[in-house]
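Inside the fold
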Amino acid sequence: MMDINATLLGQFITFAFLVWFTMRYVWPPIMKAMQDREKQIADGLAAAERAHHELELAQHKAAEKLRDAKIHAAEILEQANKRANQLIEESKGRAREEGERLLEIARNDIEQGIQAAKQQLRAEIATLAIAGAEKILARSVDAAAQHDLVKKLIAEI
């Protein structure tokens, strides 16, 4: 029986030495490797979480910038439309003023034409009246007297 006890005692001592050796030299590097790996995984998860959060922030900022750009574009378009309408109104006003100016010039030209025609008509009437008077009187009036008579008739007409 002693052989079994001595064998058991030898196995126990060998097992205790193996546990001590494993706990002293094998276990710490394995634990360190496991802790390092756990830290890497935790850091990776934290980095992924940060990246996900940063992605959400970037998407939010991009959406905000897009909204701001659309608002700005709408404002620019509205200003352009207002300016176009303003230019149209200014052009209409200038065209209206130009039309009125041309109409006034035409009226003045017509009035001058009427005055010139009246003046010419008066002169022709006077000449015809003198010619008629010459025929009636059967005598010719000299040119100076004729000119004086024309002036008097024009003044009277």
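Residues numbered from 1 in each chain as written. Predicted model: local features only at pLDDT ≥ 70, side-chain atom pairs only at ≥ 80, totals over all residues. Heavy atoms only, no water.

1. Observations regarding the overall build of the chain
Secondary structure assignment for the chain yields two helices and zero strands. Taking 2.2 N^0.38 as the reference for a compact globule, 157 residues should give roughly 15 Å; the C-alpha atoms of the chain span a radius of gyration of 61 Å, well beyond that estimate. By principal-axis analysis of the C-alpha atoms, the chain measures approximately 195 × 20 × 15 Å. Out of the 157 residues belonging to the chain, those deemed buried represent 3%. Split by element, the accessible area of the chain, about 13,700 Å² in all, is 64% carbon and sulfur. Charge-centre separation for the chain: the mean point of 22 positive side chains lies 1 Å from the mean point of 24 negative side chains. (Helix = DSSP H or I, 4+ residues; strand = E, 2+ residues; numbered from the N terminus. Rg over C-alpha atoms; globule rule 2.2 N^0.38 Å. Buried < 20%, exposed > 50% of the residue type's maximum accessible area, 1.4 Å probe, protein only. Areas by Shrake-Rupley, 256 points an atom, 1.4 Å probe, with all protein chains shown as cover. Lys, Arg positive; Asp, Glu negative; His and termini not counted. Charge placed at Lys NZ, Arg CZ, Asp CG, Glu CD.)

2. Examining the packing of aromatic side chains
This model, assessed by the stated rule, comprises four aromatic pairs. Plain terms: the ring middles of Phe-17 and Phe-21 are 6.2 Å apart, the flat faces sit at 25 degrees to each other, and that makes the pair stacked. Taken together, the positions of Phe-17 and Phe-21, both in helix H1 (residues 2–137) and four residues apart, correspond to about one turn of that helix. Given a relative accessible area of 36%, Phe-21 falls into the partly exposed group. Measuring from centroid to centroid gives 5.3 Å for Phe-21 and Tyr-25, while their planes differ by 45 degrees, and the two rings are tilted. You can see Phe-21 and its partner Tyr-25 sitting in helix H1, four residues apart, about one turn around the helix. What links up through ring pairs into an aromatic cluster is the set Phe-17, Trp-20, Phe-21 and Tyr-25. (Phe/Tyr/Trp six-rings, centres within 6.5 Å; stacked < 30°, edge-to-face > 60°.)

3. A few points about the pattern of salt bridges
Taken as a whole and judged by the stated rule, the model has five salt bridges. Put simply, Glu-78 and Lys-82 hold a salt bridge, and the shortest N to O gap is 3.4 Å. Taken as a pair, Glu-78 and Lys-82 lie in helix H1 at a separation of four residues, close to a single helical turn. Taking relative accessible area as the criterion, Lys-82 reaches 54% and is therefore assigned exposed. With its nearest N and O atoms 3.8 Å apart, the salt bridge here joins Lys-92 to Glu-89. Here Glu-89 and Lys-92 lie together in helix H1, a separation of three residues that amounts to about one turn. Residue classification places Lys-92 among the partly exposed residues on the basis of a relative accessible area of 44%. (Salt bridge = Lys/Arg side-chain N within 4 Å of Asp/Glu carboxyl O.)

4. Thoughts on the environment of Lys-39
The residue Lys-39 is located in helix H1 in this model. For Lys-39, a relative accessible area of 52% puts it in the exposed group. Spatially, the C-alpha atoms of Lys-39 and Ile-130 are 132 Å apart, while their sequence positions differ by 91 residues.

5. Structural notes on the environment of Thr-127
Relative to the assigned elements, Thr-127 resides in helix H1. In this structure, the C-alpha to C-alpha distance between Thr-127 and Lys-70, residues 57 residues apart in sequence, is 83 Å. At 2.8 Å, the side chain of Thr-127 forms a polar contact with the backbone oxygen of Ala-123. (Polar contact = N/O pair within 3.5 Å; in protein donor to acceptor, adjacent residues only side chain to side chain.)

6. Quick look at a nonpolar patch on the surface
Together, Phe-17, Trp-20, Phe-21, Tyr-25, Val-26, Ile-30 and Met-34 make up a nonpolar patch on the protein surface, roughly 710 Å² of accessible area in all. Position of Met-34 among the secondary structure elements: in helix H1. (Patch = residues over 30% accessible without salt bridge, like charges linked within 9 Å, V, L, I, M, F, W, Y side chains within 5 Å.)

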